[in-house]
Amino acid sequence: MLVALYARVSTEKQEKEETIQSQIEAIEKFCKEKGYTIAEKYQDDGWSGARLDRPDLDRLRDDARKKIWEAVVLYSPDRLARKAWYQRLVEDEFLKLGIKVLFVTIPPAESAADRLLQNVMGDFSEFEREMILERTRRGKLSKANNGCLVTGSPPYGYDYIPKTKDQPAHYVVNKIEAVVVKKIFHWIGNLGFTTRQVIKRLYDEKIPPRKNKRQVWSSSTLTTLLRNETYIGIAYYYRSMSVIPENPLKDEKYKKVQKTSRRIRPKDEWIPIKNKAIVPTIISLSLFGKVRRQLKTNYEMCARNRKNEYLLAKMIYCVCGRRRAGEGPQKGKHLYYRCTDRVYSYPLPKKCLERGINARIADKLVWQEVSGLMSQPKLLKKQSDRWVGGQKKEPTKLFDSVEDLKEELDTIKEKEARYIKAYGAGMFDLTQLDNVTSELKLRKMVLEKKLAELGSKSSVTDVNIPEYSQIEEFCKRASGKLSELSFEAKRAILTKVVNKIVGNQKQLMLYGYLPLELNQYVKFETSSRNRWSSECG
C-alpha cells in the first residue's frame, strides 16, 4: 500500500535536537514492518500543533485530493494537531476522500472503543498543553514577584547571566555598549538633540544597533531605549502581552508565530524588579528625567505634529507599497502626501524616487470621485446588479461553509460538555475548568457569530436590494448634502467606503465598498488621472 509520511515538531529547539528525525525513523520502521511503501514525506519543523495553517500539512491535504497515495502515517494523533477537534476535522476530511489515517502509537480506529480511545488521547493532549502553559505562566509570575529576573533578553548595554547554584539570573553591564548608552542620553538630555540627530550621529560614528540588518538605528528602537527604566535599575516583568497584529507589515500566508505584536498592559499590573545586584544602573535618575522632559519638548516642537487637515490620511499608499504620510512645508502653505520610504530608510538613501502628491488636489479628486459615484443612480444600479450576479454564481460554496461551521460548532459543544462532566466527577477543580474551557467558549462565540453572518447570506433573494426608484431617491438626497459636508463628515464617509488608495502624481487608484444594506457591500475600483500641476493649483 502506498502511504504518505507526516511528522511535526513544535519548537525550533526540538528541531535542532532532531526529534523530528526520531519520528521519521519510527514511522519508517512501522511502514517496513507492515509492508507499506512511502510515496511522499511531509514534515513541519517548528510549527505549533495548535493551528492548522502549516505549509506541509496544507500540501498533504492538497495531495490527498489527488489520490496519489492510499493512507497517511503519523507517529501519534497529537502530531496531526494539539486540538482534538482539529484532529477530527482533518481525519474526517481524509476519510471522506477514502484516505486512511494510521498512527504508530495506537491501533487504527476500527470500532467505537478505538474511536473513544483516540478522542480521549486528543482531549488529553490539548488539556496537557493548556496545563503546561498555565504552570509556566504561574511559575514566571512567582519568580518575578520574588524579585528574580525572568526574561533572558537583555536591553542594549547589558549582558544576561543565567542562573547558577551560587547566584540568581542577573544582568551585567556591557562596558562597550554602556558607553554608547551614556552618549545617547547625554546628547538628548544635556545637548537637546532630536532622535533623528542622534540616529545621524550614531551612523556617522559607525555605531550599529545590536540587531538590525541595515546596521542603522531606527526611531522606534531609539525611543524604546530612552524610555527603558532598566538603565536606572528598575526592570519590569508582565509589562506587555503578545497579540496578533491588526495591520501586519508582511502579509505572509504561513507564520510560525502569529502573535508578533506587543500590547502594553496597565502599569498597575507591571511587576518591578529593583535589586541592584540583579539590575545594575547605567544612567543616573536625574539624567533619565531630563531625557524624558526633552523628548516631550521635542515632540511638542516638531513641525510635523502641528496638525493640518489630510482627508486621505492612513488610506493613501505609494506605488512602491509604502504608506504615504501628510507633510506641510512652509508652515502648512503647501500640503503633500509623501512616501514614508525616506523615513524608514534614514539615514541611508531612500529607495523610492516617487515625488509627493499635492494633498489638496488629491483630496478634492477623491472626494469628487466618491461623491460622484454616490450621486449617479445608473452607475449604482449597474454595480448593484453586478454584485447580485456574482453572488448567484457560488451558492454551493456558501452552503458547504455553513455545514462545516455547524459541524465544528457541534464538536466544540460536545467537548465542552465532556469537560463539565469531568469537573462534576472531581477530575479537576473550577480554576482548571475555566482554563481549559475559556478558549472553547471564545471559539464557540466566534463560530456562532460567523454562522449567523453566513446564514443571513445563504440566499441572495433574502438580501433587500433597493429598487431603481429608491436608488434615484438616495442619489437625489445625497447630491444635495455631499457638497455641504464638513471635513470631519467627509473623513468619516471615506473611512467607511474607501479601503485603500494607491498612486503617484499621475494616477490615483481607489479600492473600496459602498453599503447597499447591513452587511451587504458593492465592491468598486476606480481611478483618477491628474498631474500635480492640474487646474486645482
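(A) Quick peek at the overall build of the protein. The helix and strand tally for the protein stands at 18 helices and 17 strands. Across the 537 residues in the protein, those meeting the buried criterion constitute 39%. Considering only intrachain contacts with a sequence separation of at least 6, the fraction spanning at least 24 residues in the protein is 67%. In the structure as shown, the protein presents an accessible area of about 32,100 Å², 52% of it carried by carbon and sulfur atoms.

(B) Quick look at the pattern of salt bridges. With the rule as written, the count across this model stands at 17 salt bridges. Across the salt bridge formed by Glu 93 and Arg 65, the nearest N and O atoms sit 3.6 Å from each other. Note that Glu 93 is positioned in helix H5 (residues 84-96) and Arg 65 in helix H3 (residues 55-66), a separation of 28 residues in sequence. The exposure class assigned to Glu 93 is buried, which follows from its relative accessible area of 15%. Two residues, Arg 210 and Glu 177, come together in a salt bridge whose shortest N-O distance is 2.5 Å.

(C) Representation of the packing of helix H7 (residues 175-189) against helix H9 (residues 219-226). Running from N to C, H7 and H9 cross one another at 90°; their axes reach a closest spacing of 11 Å. When the axis of H7 is compared with that of H9, the two are roughly perpendicular. Where H7 abuts H9, its residues Ile 184, Phe 185 and Ile 188 lie against Leu 222, Leu 225 and Leu 226. Grouping the constituent residues of the contact of H7 with H9 by class yields 6 nonpolar, no polar and no charged.

(D) Examining a negative patch on the surface more closely. On the surface, Asp 92, Glu 403, Asp 404, Glu 407, Asp 410 and Glu 414 cluster together into a patch of negative charge. Looking at the negative patch element by element, the count peaks at 5 residues for helix H15 (residues 395-424). In this structure, Asp 410 sits in helix H15. When its relative accessible area of 43% is taken as the criterion, Asp 410 is described as partly exposed.

(E) Main features of the side chain of Ser 345. Its place among the elements puts Ser 345 in helix H12 (residues 341-345). Taking relative accessible area as the criterion, Ser 345 reaches 7% and is therefore assigned buried. The residues touching Ser 345, leaving out its near neighbours within four places in the chain, are Arg 214, Lys 350 and Lys 351.

(F) Fine view of the packing of aromatic side chains. Following the criterion strictly, the structure yields 12 aromatic pairs and no others. Taking the centre distance of 5.1 Å and the plane angle of 70° together, the rings of Tyr 236 and Trp 270 count as edge-to-face. Linking Tyr 236 in strand E7 (residues 235-237) with Trp 270 in the loop between strand E9 (261-264) and strand E10 (271-273), this pair joins segments that are 34 residues apart in sequence. A connected cluster of aromatic rings, assembled from ring pairs, spans Tyr 158, Tyr 160, Tyr 171, Phe 185, Tyr 231 and Phe 288. Note that Arg 201 overlies the ring of Trp 187, its terminal NZ or CZ placed 5.0 Å from the centroid.

(G) Region of the structure containing the pairing of strand E13 (residues 336-339). Burial along E13 is one-sided: Tyr 337 and Cys 339 are buried, and none of Tyr 336 and Arg 338, which face the opposite way, are. Strand direction decides the pairing type here: strand E12 (residues 324-327) and E13, joined by 4 bridges, are antiparallel. Bridge assignment links Gly 326 to a residue of E13, and that residue is Tyr 337. Bridge analysis of E13 against strand E14 (residues 357-358) gives 2 bridges, and the strand direction is antiparallel. Bridging from a neighbouring strand, Tyr 336 pairs with Asn 358 of E14.

(H) Inspection of helix H13 (residues 359-373) at higher detail. Relative to the 21 Å expected for 15 residues at 1.5 Å per residue, H13 spans 21 Å between its end C-alpha atoms, a close match to the ideal helical length. By the criterion of burial, H13 is predominantly enclosed, with 11 of the 15 residues buried.

(I) Main features of the nonpolar core. Membership of the largest hydrophobic core comes to 32 residues, with the highest contact counts inside it found for Ile 184, Phe 185, Leu 202, Trp 217, Leu 226 and Tyr 231. When residues of this core are traced back to their parent elements, those giving at least two are H7, helix H8 (195-204), H9 and helix H10 (285-301). The greatest single-element share of this core, amounting to 7 residues, is contributed by H7. In contact with Leu 226, not counting residues within four places along its chain, are Ile 184, Phe 185, Ile 188, Thr 195, Phe 288, Val 291 and Leu 295. Within the second largest apolar cluster, 24 residues are counted, among which are Ala 4, Ala 64, Phe 103 and Leu 405.

(J) Structural view of the sheet that holds strand E4 (residues 100-103). An order of E2-E1-E3-E4 is seen for the 4 strands of this open sheet, with the pairing classed as parallel. The open sheet has two edge strands, strand E2 (37-45) and E4, and neither has a second partner. Within the sheet, the average angular offset between the axes of one strand and its neighbour, ignoring direction, is 25°. With 8 bridges connecting them, strand E1 (residues 2-9) and E2 associate as parallel partners. Looking across to E2, one finds that Arg 8 is bridged to Asp 44. Of the strands in this sheet, E1, E2 and strand E3 (71-74) are in contact with H3, which crosses E2 at around 150°.

(K) Up close: H7. Here H7 spans 21 Å end to end across 15 residues, near enough to the 21 Å set by a 1.5 Å rise per residue. For H7, the set of buried residues is Glu 177, Ala 178, Val 180, Val 181, Ile 184, Phe 185, Trp 187, Ile 188 and Gly 189.

(L) Just the environment of Arg 214, in detail. The topology assignment puts Arg 214 in the loop between H8 and H9. By relative accessible area, Arg 214 is classed as partly exposed at 31%. C-alpha separation for the pair Arg 214 and Leu 348, spaced 134 residues apart in sequence, amounts to 8.7 Å. Filtering out sequence-adjacent residues up to four positions away, Arg 214 remains in contact with Tyr 344, Ser 345, Tyr 346 and Leu 348.

(M) Summary view of the sheet that holds E13. Spatially, E12-E13-E14 is the arrangement adopted by the 3 strands of the open sheet, whose pairing is antiparallel. Two strands in the sheet have a free side with no partner beyond their single neighbour: E12 and E14.

(N) Geometry of the packing of H13 against helix H18 (residues 487-497). At a minimum axis separation of 11 Å, H13 and H18 run at an interaxial angle of 70°. Between H13 and H18, the angle is such that the two are roughly perpendicular. In the packing of H13 onto H18, the handedness of the crossing is left-handed. Packed against H13, whose contacting residues are Val 366, Trp 367 and Val 370, the element H18 presents Lys 490, Ile 493, Leu 494 and Val 497 at the interface.

Each value, and the rule that gives it
- Residues numbered from 1 in each chain as written.
- Predicted model: local features only at pLDDT ≥ 70, side-chain atom pairs only at ≥ 80, totals over all residues.
- Heavy atoms only, no water.
- Helix = DSSP H or I, 4+ residues; strand = E, 2+ residues; numbered from the N terminus.
- Buried < 20%, exposed > 50% of the residue type's maximum accessible area, 1.4 Å probe, protein only.
- Contact = heavy atoms within 4.5 Å.
- Areas by Shrake-Rupley, 256 points an atom, 1.4 Å probe, with all protein chains shown as cover.
- Salt bridge = Lys/Arg side-chain N within 4 Å of Asp/Glu carboxyl O.
- Axes fitted to C-alpha atoms, helices over the stretch in contact; angles between N-to-C directions.
- Parallel < 35°, antiparallel > 145°, perpendicular 65-115°, else oblique.
- Nonpolar A, V, L, I, M, F, W, Y, C, P; charged D, E, K, R; others polar.
- Patch = residues over 30% accessible without salt bridge, like charges linked within 9 Å, V, L, I, M, F, W, Y side chains within 5 Å.
- Lys, Arg positive; Asp, Glu negative; His and termini not counted.
- Charge placed at Lys NZ, Arg CZ, Asp CG, Glu CD.
- Phe/Tyr/Trp six-rings, centres within 6.5 Å; stacked < 30°, edge-to-face > 60°.
- Lys NZ or Arg CZ within 6 Å of the ring centre and 35° of its normal.
- Pairing = 2+ DSSP bridges.
- Expected span 1.5 Å × (residues − 1).
- Core = buried A, V, L, I, M, F, W, Y, C linked by side-chain atoms within 4.5 Å.
- Left-handed = near helix turned anticlockwise from the far one by under 90°.

Remember that the coordinates give geometry; whether it matters functionally is a separate question.
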